[in-house]
Amino acid sequence: MSFLNDVLNIFIKYYPQLLTGVGNTVLIALTSTVAGLALGLLTGVVRTAPMSKNPILRALHKLLNAIIAIYVEIFRGTPMMVQLLIMSMVIFSNSRNFTMVGALALGINSGAYVSEIIRGGLMAVDPGQMEAGRSLGMNYFTTMRFIVIPQAIKNILPAIGNEFITMVKETSIIQYLGISDLMYNNGIVITATYNPLPCYYISAILYLLLNIILGKGIN
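What counts, and at which threshold
- Residues numbered from 1 in each chain as written.
- Predicted model: local features only at pLDDT ≥ 70, side-chain atom pairs only at ≥ 80, totals over all residues.
- Heavy atoms only, no water.
- Helix = DSSP H or I, 4+ residues; strand = E, 2+ residues; numbered from the N terminus.
- Buried < 20%, exposed > 50% of the residue type's maximum accessible area, 1.4 Å probe, protein only.
- Axes fitted to C-alpha atoms, helices over the stretch in contact; angles between N-to-C directions.
- Parallel < 35°, antiparallel > 145°, perpendicular 65-115°, else oblique.
- Left-handed = near helix turned anticlockwise from the far one by under 90°.
- Contact = heavy atoms within 4.5 Å.
- Nonpolar A, V, L, I, M, F, W, Y, C, P; charged D, E, K, R; others polar.
- Salt bridge = Lys/Arg side-chain N within 4 Å of Asp/Glu carboxyl O.
- Core = buried A, V, L, I, M, F, W, Y, C linked by side-chain atoms within 4.5 Å.
- Patch = residues over 30% accessible without salt bridge, like charges linked within 9 Å, V, L, I, M, F, W, Y side chains within 5 Å.
- Areas by Shrake-Rupley, 256 points an atom, 1.4 Å probe, with all protein chains shown as cover.

(A) Inspection of unusual backbone geometry at higher detail. Residues other than glycine seldom take positive phi values, yet Tyr-194 does so here, at roughly 55°. The topology assignment puts Tyr-194 in the loop between helix 7 (182-193) and helix 8 (196-218). Residue Tyr-194 is classed as exposed on the basis of its relative accessible area, which comes to 72%.

(B) Summary view of the packing of helix 1 (residues 2-48) against helix 8. Axis separation between helix 1 and helix 8 bottoms out at 9 Å; the angle between their running directions is 50°. Overall, the two elements helix 1 and helix 8 adopt an arrangement that is oblique. The crossing of helix 1 and helix 8 is right-handed. Only Leu-197, Pro-198, Cys-199, Tyr-201, Ile-202, Leu-206, Tyr-207 and Leu-210 of helix 8 make contact with helix 1, whose side of the interface consists of Phe-3, Asp-6, Val-7, Ile-10, Phe-11, Leu-18, Val-22, Thr-25 and Val-26. In the contact of helix 1 with helix 8, the residues fall into 15 nonpolar, 1 polar and 1 charged.

(C) A look at the pattern of salt bridges. Overall, the coordinates contain 3 salt bridges when judged by the stated rule. Of the charged contacts, one joins Arg-47 and Glu-116 as a salt bridge, the two residues approaching to 2.6 Å between their closest N and O atoms. Of this pair, Arg-47 sits in helix 1 while Glu-116 sits in helix 4 (residues 98-124), placing them 69 residues apart in sequence. Of the charged contacts in the structure, one is a salt bridge between Glu-116 and Arg-119, with a shortest N-O distance of 3.0 Å. Of this pair, Glu-116 and Arg-119 both sit in helix 4, 3 residues apart, roughly one helical turn.

(D) Region of interest: the nonpolar core. In this structure, Val-168 and Ile-174 are the most contacted members of the largest nonpolar core, which totals 32 residues. For this core, the secondary structure elements donating two or more residues are helix 1, helix 3 (80-91), helix 4, helix 6 (140-170), helix 7 and helix 8. When residues in this core are grouped by element, the largest group, 7 residues, is from helix 1. The residues contacting Ile-174, other than those within four sequence positions of it, are Ile-28, Leu-84, Gly-102, Leu-106, Ile-179 and Asp-181. Counting 13 residues, the second largest nonpolar core, distinct from the first, contains Ile-118, Val-125, Tyr-140 and Val-148.

(E) A look at a nonpolar patch on the surface. Together, Leu-57, Leu-60, Leu-63, Leu-64 and Ile-67 make up a nonpolar patch on the protein surface, roughly 450 Å² of accessible area in all. Tracing the backbone shows Leu-57 in helix 2 (residues 55-77). Look at Leu-57 and you get partly exposed, because its relative accessible area is 46%.

(F) A look at the side chain of Gln-83. Note that Gln-83 resides in helix 3. Overall, the relative accessible area of 7% leaves Gln-83 in the buried class. The contacts of Gln-83, once residues within four sequence positions are left out, are Ile-74, Phe-75, Thr-78 and Asn-109.

Here it is, written out as structure tokens:
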């Protein structure tokens, strides 16, 4: 009973810091997911595009496919923490905008997963839909925009929603950059109270509630 009182008292006293962390967590997760969606859409469309008969365009397409395949393998095959530290300490070592660096690192990582989601969604659309669009005189990108992608959205959207929910939890690692997310603010509360266990329970409950609400909204 005393433990529950500790949890309640800490939340009542420090809820402004904790809820600020929740807001920042959602904002960074949303920014990262949108960036990942844009990157994933671009790479997914390139990987599903047919080869051109023009030898120069064909060679360029193969080169882009190889670069995208390497990108996907690297960012899906290495820990996000390692990627975050390389982005912050090597690539953007002179930047002091850690929020931007964190969101960018998460977005690039998300793009590797979203790329495969979008590629699978586009390939699930009947190839006859593309052929029908081309037979009407549309070029490849117009057919993709008005015929294929609208049909693929129903296959893609649930997975994108799950990616957003996953990203909310993945943002917990950006605390190591000093970004004021939920876990970073949780650390501040722990320092102030010298009572870590109730603080971790509060953070876990907040993450759980947040993901339940987002899951219901996406459904």
